[in-house]
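Here is what each chain is made of, one letter per residue.
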Amino acid sequence: TIHKDKDLIENLRLQLEKLNDYQFTNDEWNRFFGEVLANSKDGIVEKTRLIQEDHVQVLRRDNGESKNIMLIDKKCIHNNKVQVINQYVVSTEDGAKHDNRYDVTILVNGLPLIHIELKRRGVPIREAFNQINRYQRDSFWAASGLYEFVQIFVISNGTNTKYYSNSTRFNHIKDANSQKAKKEKTSNSFEFTSFWADANNRIIPDLVDFTKTFFAKHTILNILTRYCVFTAENMLLVMRPYQIVATERILNRIEIANNYKKYGHVAGGGYIWHTTGSGKTLTSFKTAQLASKLDYIDKVLFVVDRKDLDYQTMKEYDRFEKGAANSNTSTKILQNQLEDKDKNGNPKKCKIIITILYFWII
């Protein structure tokens, strides 16, 4: 029953009220919606930041008090309500350049976070990619602009199915104003779309099989809340399947080592082997970031074997998240980072530490 902007807004209010166990007054909702969700000054970048980084927003209540409102629950992901809508219509009456009818959209707590564009079998999958680009240009921003919240796009012609982030078409473009960059943006961005795969890296291209796995509630909510990186350059990166598998297996090994006291044993370690250019640094960053949030982890060390890798890794980590990690230039600085304690004498939870191998001679 959600086919127009009015329907989408009404449903969004209802779902956010359920998620936060709070009922907005009409004035509160109008303020929150107009200032936070549908602010005319915000575009794709600002709305992506709301989902990836600032998913808890402050509501100014009628009585003058403040209340935190979650847009998405990242701690208990199954608290989030997932809905599927189709044939959503945006017209020139909404301010769009052209009338458009979208295929399928997945709402999370009422917000359109995943959009799927489908073509008949035999039609090149790139046609679906091009159509989404037209939507971004002509109508996603129209009406209340809620479709600019979309984080992930899925394209399929039945035989082949791929996914990508809302900023994929801008990837690897350093100077978007130059004519050369504009040509690259048109010709190369499709190359950064990804096939989905199973844990053994076997590609799952068929739409039916893709849907059974990628769109399982646990999987898609994990991808949205854990396996996306919103970089310091305002680019949204969604991890490829082998990167997600590697991250999950490392975190699982950490948990097993902690539960069964396997630290310092072979059973508490392991290795991940990825080829050149496969995104190992992004995998390590996301793994370190998630590990640092575990209650029983005090420090996360990323150890490299030479100084140029130390600098390169720090530079990449800063690109993924400014100030996410600390580096050092001497044994003494590393020692201070490791021994850093709070006022109660407990090890202080600190940022990720990137270091080369230092040797103490006793």
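Residues numbered from 1 in each chain as written. Predicted model: local features only at pLDDT ≥ 70, side-chain atom pairs only at ≥ 80, totals over all residues. Heavy atoms only, no water.

*Asks:* Just checking my understanding: could you explain unusual backbone geometry for this structure?
*Replies:* Note on backbone geometry: most residues besides glycine have negative phi, and most peptide bonds are trans. In this model, Gln 87 sits at a positive phi of 55 degrees, which is unusual for a non-glycine residue. Within the secondary structure, Gln 87 is located in strand 3 (residues 82-90). By relative accessible area, Gln 87 is classed as partly exposed at 30%. The backbone of Asn 234 shows a phi angle near 60 degrees, a positive value even though the residue is not glycine. Residue position: Asn 234 is located in the loop between strand 9 (228-230) and strand 10 (236-238). Classification of Asn 234 as partly exposed rests on a relative accessible area of 30%. (Helix = DSSP H or I, 4+ residues; strand = E, 2+ residues; numbered from the N terminus. Buried < 20%, exposed > 50% of the residue type's maximum accessible area, 1.4 Å probe, protein only.)

*Asks:* Help me understand the confidence of the model for the protein in this model?
*Replies:* Note: predicted coordinates in regions of low pLDDT should not be interpreted at a detailed level. With 92% of its residues at a pLDDT of 70 or more, the protein has an overall mean of 90. Below a pLDDT of 50 lies the segment residues 171-187, which in the model reaches 16 contacts outside its immediate sequence neighbourhood of four places, other chains included. (pLDDT = per-residue confidence, 0-100. Contact = heavy atoms within 4.5 Å.)

*Asks:* So what exactly am I meant to see when it comes to the environment of Trp 273 here?
*Replies:* In this structure, Trp 273 sits in the loop between helix 8 (241-259) and helix 9 (280-292). Once the C-alpha coordinates of Trp 273 and Ala 246 are considered, the two residues, 27 residues apart in sequence, prove to be 9.1 Å apart.

*Asks:* Is there a simple way to think about the pairing of strand 1 (residues 56-60) in this case?
*Replies:* Remember that side chains alternate between the two faces of the sheet whenever the strand is regular. Of the two faces of strand 1, the one holding Gln 57 and Leu 59 is buried and the one holding Val 56, Val 58 and Arg 60 is not buried anywhere. As paired elements, strand 1 and strand 2 (residues 66-70) share five bridges and run antiparallel to each other. Bridge pairing in strand 2 links Val 58 to Asn 68. Between the antiparallel neighbours strand 1 and strand 2 lie five residues, among them Gly 64 with a positive phi of about 95 degrees. (Pairing = 2+ DSSP bridges.)

*Asks:* Help me understand empty space enclosed by the protein in this model?
*Replies:* A probe as big as a water molecule, rolled over the atoms, marks out the empty space that is left. The tally for this structure, following the rule as stated, stands at two cavities of 30 Å³ or more. Approximately 60 Å³ is the volume found for the largest cavity. Taken together, 13 residues form the lining of the largest cavity, with Asp 5, Tyr 88, Val 90, Ala 142 and Ala 143 sitting closest to its centre. Of all elements in the fold, only helix 1 (5-20) and strand 3 reach the threshold of two or more residues within the lining of the largest cavity. The residue makeup of the lining of the largest cavity, split by class, is eight nonpolar, three polar and two charged. Its boundaries defined by the atoms lining it, the second largest cavity holds a volume of some 30 Å³. (1 Å grid on protein atoms, 1.4 Å probe; cavity = no way out; pocket = protein on both sides within 12 Å on 5 of 7 lines; lining within 4 Å. Points joined across faces, edges and corners; volume = space filled by probe spheres on them. Nonpolar A, V, L, I, M, F, W, Y, C, P; charged D, E, K, R; others polar.)

*Asks:* Explain helix 8 to me, please; I cannot follow it from the model alone.
*Replies:* Residue pairs three or four apart in sequence face the same way in an α-helix, which turns once every 3.6 residues. Along its 19 residues, helix 8 runs 27 Å from first to last C-alpha, staying within 8% of the 27 Å computed at 1.5 Å per residue. Of the residues making up helix 8, those classed as buried are Pro 241, Gln 243, Ile 244, Val 245, Ala 246, Thr 247, Leu 251, Ala 257 and Asn 258. On the buried face of helix 8, the contacting elements are strand 7 (161-165), strand 8 (194-195), helix 7 (217-225) and helix 9. Phi for Lys 261, located one or two positions after helix 8, is positive at around 55 degrees. (Expected span 1.5 Å × (residues − 1).)

*Asks:* Please clarify how the sheet that holds strand 3 should be interpreted in this entry.
*Replies:* Think of a sheet as strands paired side by side through backbone hydrogen bonds, with each pair either parallel or antiparallel. Reading across the sheet, the six strands line up as 3-4-5-6-7-8 and stay open at both edges, with mixed pairing between neighbours. Of all strands in the sheet, those bounded by a partner on one side alone are strand 3 and strand 8. By the bridge criterion, eight bridges tie strand 3 to strand 4 (residues 100-108) in an arrangement that is antiparallel. Looking at strand 4, one finds that Tyr 88 is bridged to Tyr 102.

*Asks:* What am I meant to see in the side chain of Lys 299 here?
*Replies:* Relative to the elements of secondary structure, Lys 299 occurs in the loop between helix 9 and strand 11 (301-304). In this structure Lys 299 is buried but unpaired, with Asp 340 as the nearest side chain of opposite charge at 5.1 Å. A polar atom in the side chain of Lys 299 sits 3.3 Å from the backbone oxygen of Gln 337. (Lys, Arg positive; Asp, Glu negative; His and termini not counted. Salt bridge = Lys/Arg side-chain N within 4 Å of Asp/Glu carboxyl O. Polar contact = N/O pair within 3.5 Å; in protein donor to acceptor, adjacent residues only side chain to side chain.)

*Asks:* When you look at the sheet that holds strand 12 (residues 325-326) in this model, what are you seeing that I'm missing?
*Replies:* One open sheet accounts for three strands, arranged 11-13-12; its pairing is parallel. Of all strands in the sheet, those with a lone pairing partner are strand 11 and strand 12, marking the two edges. Examined bridge by bridge, strand 11 and strand 13 (residues 352-356) share four bridges and lie parallel to one another. Paired with Leu 301 across the two strands is Ile 353, which belongs to strand 13.

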